[in-house]
Amino acid sequence: MADKGPSVLDDVLLQPYWDAATKGKLLLKHCTACGKNHYYPRPICPHCFSDKTEWLETKGEGTIYSWSVERRANPPYSIAYVTLPEGVTILSSIVDCDLNKLAIGQKVKLGFTEHDGKPAPVFRPA
Amino acid sequence: MTIKGKAYIAGIYEHPTRKADGISLARIHAEVAKGALEDAGLSHKDVDGYFVAGDSPGLGPLNMAEYLGLKPKHIDSTDTGGSSYQIHAAHAAEAIALGKCKVALVTLAGKPRTGGGQPGGGRRPVDPPDYPFEAPYKGTVLNLYAMCAQRHMHEFGTTSEQLAWIKVAASTHAQHNPHAMLRDVVTVEEVVNSPVVADPLHRLDCCVISDGGGAFVMVAPEIAKSLKRPLVRVIGTGEAIKHVNGGQVDLTYSGARASGPIAFAEAGVKPSDIKYASIYDSFTITVLMQIEDLGFCEKGKGGAFVSDGNLIAGTGKLPFNTDGGGLCNNHPGNRGGMTKILEAVRQLRGEAHPAVQVKNCDLALAHGTGGSLGTRHGSGTIIMERA
Ligand SMILES: [Zn+2]
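Report on the accompanying structure. (Residues numbered from 1 in each chain as written. Chains lettered and ligands numbered in written order. Predicted model: local features only at pLDDT ≥ 70, side-chain atom pairs only at ≥ 80, totals over all residues. Heavy atoms only, no water.)

1. Considering the side chain of T89 of chain A
Note that T89 of chain A resides in strand β6 (residues 89-92). The class for T89 of chain A is buried, based on a relative accessible area of 9%. A distance of 2.9 Å separates the side chain of T89 of chain A from the side chain of T83 of chain A, its partner in a polar contact. Setting aside anything within four residues of it in sequence, one finds T89 of chain A in contact with Y65, Y81, V82 and T83 of chain A together with G247 and V249 of chain B. (Helix = DSSP H or I, 4+ residues; strand = E, 2+ residues; numbered from the N terminus. Buried < 20%, exposed > 50% of the residue type's maximum accessible area, 1.4 Å probe, protein only. Polar contact = N/O pair within 3.5 Å; in protein donor to acceptor, adjacent residues only side chain to side chain. Contact = heavy atoms within 4.5 Å.)

2. Focus on the pattern of salt bridges
This structure, assessed with the given rule, holds 27 salt bridges over all chains. Between D96 of chain A and R124 of chain A there is a salt bridge, with its nearest N and O atoms 2.4 Å apart. Separated by 28 residues along the polypeptide, D96 of chain A in the loop between β6 and β7 (107-115) and R124 of chain A in strand β8 (residues 118-125) bring together distant segments of the chain. Between D21 of chain B and K19 of chain B there is a salt bridge, and its shortest N-O distance comes to 3.3 Å. (Salt bridge = Lys/Arg side-chain N within 4 Å of Asp/Glu carboxyl O.)

3. Some points on the interface of chain B and chain A
Across the contact, 42 residues belong to chain B and 43 residues belong to chain A. On the chain B side of the interface with chain A, the three residues burying the most area are F133, Y137 and M147 of chain B, jointly 23% of the side's total. Remark: the boundary between chain B and chain A carries 1 salt bridge. Between D199 of chain B and R71 of chain A there is a salt bridge, with its nearest N and O atoms 2.9 Å apart. Inspection of the chain B/chain A interface yields 18 residue pairs in polar contact (both at pLDDT 80 or more). Counting only elements with at least two residues in the side of chain B that touches chain A, the list comes to α4 (131-134), α5 (141-156) and β5 (196-198) of chain B. By residue class, the composition of the side of chain B that touches chain A is 19 nonpolar, 13 polar and 10 charged. (Buried area = accessible area lost by both parts, 1.4 Å probe. Nonpolar A, V, L, I, M, F, W, Y, C, P; charged D, E, K, R; others polar.)

4. Re the coordination of the zinc ion
Coordination of the zinc ion by the protein comes from C31 of chain A (SG), C34 of chain A (SG), C45 of chain A (SG) and C48 of chain A (SG), over a distance range of 2.3 to 2.4 Å. Considering all 4 donor atoms around the zinc ion, the spread of angles at the metal, 103 to 115°, places the coordination shape in the tetrahedral class. (Donors = N, O, S within 2.8 Å, 3.2 Å for Na, K, Ca; no water. Tetrahedral: all angles 85-135°; square planar, octahedral: opposite > 155°, others 65-115°.)

5. Overview of the packing of aromatic side chains
Under the defined criterion, the tally for this structure stands at 8 aromatic pairs over all chains. Note on Y40 of chain A and F133 of chain B: the rings are 5.5 Å apart at their centroids and 10° apart in plane angle, and the pair reads as stacked. Here F133 of chain B lies in helix α4 and Y40 of chain A lies in the loop between β2 (37-38) and β3 (53-57), a pairing that spans two chains. The same class applies to Y40 of chain A and to F133 of chain B, which are both buried. A centroid spacing of 4.9 Å and a plane angle of 40° characterise the contact between Y145 of chain B and F283 of chain B, whose relative ring orientation is tilted. Of this pair, Y145 of chain B sits in helix α5 while F283 of chain B sits in the loop between β9 (276-279) and α10 (284-293), and the two are 138 residues apart along the sequence. (Phe/Tyr/Trp six-rings, centres within 6.5 Å; stacked < 30°, edge-to-face > 60°.)

6. Describing the sheet that holds strand β11 (residues 377-386) of chain B
Residue and element names in this part refer to chain B. Strands sit in the order β3-β2-β4-β7-β1-β8-β11-β10-β9 across an open sheet of 9 strands; the sheet is mixed. Of all the strands in the sheet, the pair left with one neighbour each is β3 (74-76) and β9. Between one strand and the next, the sheet's axes are offset by a mean angle of 20°, whatever the strand orientation. Bridge count for strand β2 (residues 49-52) against β3 is 3 bridges, and the pairing is parallel. Paired with Y50 across the strands is I75, a residue of β3. (Pairing = 2+ DSSP bridges. Axes fitted to C-alpha atoms, helices over the stretch in contact; angles between N-to-C directions.)

Here you go:
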């Protein structure tokens, strides 16, 4: 995509996210000031701008909010927004599935793949 | 404080090239600048404001100002991708209304077909904060917009056939534009039978990829009135950023829902007053969502609204993109906002192709969406009238 430059991965406050992901767990941020969750995680809550944010482990469940399949790629791959029961919708991919049977509302469960040497949360049909 | 009626678009120019072999990005910026200034009847010595976005080769406006020999006292290099030119039009109108400059030049150039000029110079000094959380999923312009279409279909029952009508309308207009890349009129069947490139979008739901560029010159009222061109004045502007809001995702609407009402309120007009609309058309779904969000029809009813030729000049209620738009004419630098403004000005001047010229076109809108509809984008709405 782009030249490699300094990355947000360098932010030490995000290290717990990557440590958990390495163990197969997906963390969100929960704000104790406004009570809302957010993703991708930030040290300061984007909803109320409080810095009283803490990590919240997700159940690893989700529902497809929307999806597409990049048909020109070889092999074709899916991209999806998945809504978690924790109240956020995250960009991800549905893997190990029949790409012709994806549907909005479909239940999916969390898994991980690797991207650039880092764990990346993906979903499989539940 | 308002910009209403305090700035006029006096000169426009669209580069005829669609494939700029052997032409540098800087030269395209210069040729469109020269064309727009000559159209206005002004010289480059008159320019005291310069606006250029991330398609400028160099650091913001610096290198291009030097190449063009400009000595601006007002500069702006706001970049929201393809809608930068709506934002620049708004900011230029503000600067002119405040007396910060009197002759503002806005240029665009791009070469995505031949290479040698990527937006932002092709380099990114630092990853954006979303990058590590989104890059693994290989989001493309195509599949991210496709997810908006998928969700819109799910919530509102919008169909591929309805989206296809948008391409049909654009192609009906493009047949009259000798510079358009795609001049063949297509049918709904041809669009929905073209290959699916990213579900549910077909190849013919997509815009063209083209080289080229364009420019406009915005001036203070007393200057506009001293020139020989028809008077086109800016009466309302609005801008907004829409993003995924920490995971509170709703893909069924665009930033036009915010920028549109601001522009309409300033102009003191309503959507049903608009005689011609330039609507950003990176994909058919982009057009449909913006038409809803700008208030031309009820949310969710865009599919029915665009069907049966309702966007075709001469027969439809809302003639749109009469140059063929990004869907058929050109999309220079993958930044379609500039050409949206240029065709709206042609319509207001009565200088569109006679086959697509809207009768008594005295009120027009040009709207842009830049970035990605499926993640984060900048919206700009400009309303103009013939004085
Ligand atoms: Zn908060």
